[in-house]
Amino acid sequence: EDLKPDKTCFHTLIAACKKNRYPNREVARAALWALNGMKRLGHTPEPRDYKLVMECCYNSLPKGSEQTETLHVLFQSCCNDGLFDKNVLDFVQQHFSFQAYQDKIMSRSVGRRLPHEWSRNTTEGRLSVDGKHVAKDDKITILSPPQRRNQ
C-alpha cells in the first residue's frame, strides 16, 4: 500500500518550522513544501496553516525582497483559496509595510469590507479591514486604518 502523509503530518511539519527564529531558507522551504504538498495530495489547508507558514517565512527568510515576495505570494494564495481570516489579517497588518498593506488590503476593500471571495472557505465569513465579521448588508464606518508595527 502506498503511504502518503495525512493532514496531521503536514500540520506538524509546518508547526515545527514556525518555531524557528533564525534566518534559514531551508526551514522556509520545508514549510512551503508542506503547504504545497498538502494541496497536491488533496488536503485542504486551513487559515492557520497559511498564518503559520507566513510566520515561518517571516522568521526564516532574510529581510528584503525574497521575504517580501514570498509573503505576498502566500497572501495571494490564501486569498485565492478563500482562507483569509482574522488571524491572517492580523499578521498582514503587523508585518507588511504600510504601502503593501494599502496595495493588498485597502485598495481592494469596498466600503471597508474585504472581498467575500477571500474568506469564502472560512468558518468566520466575510471580514472588514479592521478584522470584524460583517453580514452581507452591514455598513461599517472606520475612522482610521488599524495600527501596524512596521510603517
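For the structure itself, look to the data block above.
About the cut-offs
Residues numbered from 1 in each chain as written. Predicted model: local features only at pLDDT ≥ 70, side-chain atom pairs only at ≥ 80, totals over all residues. Heavy atoms only, no water. Core = buried A, V, L, I, M, F, W, Y, C linked by side-chain atoms within 4.5 Å. Buried < 20%, exposed > 50% of the residue type's maximum accessible area, 1.4 Å probe, protein only. Helix = DSSP H or I, 4+ residues; strand = E, 2+ residues; numbered from the N terminus. Phe/Tyr/Trp six-rings, centres within 6.5 Å; stacked < 30°, edge-to-face > 60°. Expected span 1.5 Å × (residues − 1). Contact = heavy atoms within 4.5 Å.

Chemist: For this particular structure, what's the right way to read the nonpolar core?
Modeler: It is characteristic of soluble globular proteins that their nonpolar side chains tend to be buried jointly. Grouped together as the largest cluster of nonpolar side chains are 35 residues, with contacts concentrated most on Phe-75, Phe-84, Val-92 and Ile-105. Of all the elements in the fold, those that place two or more residues in this core are helix H1 (7–18), helix H2 (25–40), helix H3 (47–60), helix H4 (65–80), helix H5 (86–95) and helix H6 (98–104). With seven residues, H3 is the single largest residue contributor to this core.

Chemist: Whenever I open this one, the packing of aromatic side chains confuses me. Can you help?
Modeler: Working definition: an aromatic ring pair is given by the centre-to-centre distance plus the angle between the planes. All chains considered together, the criterion is met by six aromatic pairs. Measuring from centroid to centroid gives 6.1 Å for Tyr-58 and Phe-91, while their planes differ by 90°, and the two rings are edge-to-face. With Tyr-58 in helix H3 and Phe-91 in helix H5, this pair connects stretches of sequence that are 33 residues apart. When sorted by exposure, Tyr-58 lands in the same class as Phe-91, which is buried.

Chemist: I keep staring at H4 and nothing clicks. Help me out?
Modeler: Residues spaced three or four apart along an α-helix point in a common direction, a consequence of the helix completing one turn every 3.6 residues. Across its 16 residues, H4 extends 22 Å between first and last C-alpha, which sits within 8% of the 22 Å expected from 1.5 Å per residue. Among the residues making up H4, those that are buried are Gln-67, Thr-70, Leu-71, His-72, Leu-74, Phe-75, Cys-78 and Cys-79. Next to the buried residues of H4 lie H2, H3, H5 and H6. One or two positions beyond H4, positive phi appears at Gly-82, with a value near 70°.

Chemist: Honestly, the environment of Arg-120 in this entry has me stumped. Any pointers?
Modeler: Mapping Arg-120 onto the fold places it in the segment after H6. Remark: the alpha-carbon pair of Arg-120 and Gly-82, spanning 38 residues in sequence, is separated by 4.8 Å. Those residues in contact with Arg-120 that lie beyond four places of it in its chain are Cys-79, Asn-80, Asp-81 and Gly-82.

Limitation: the analysis is restricted to geometry and does not speak to function.
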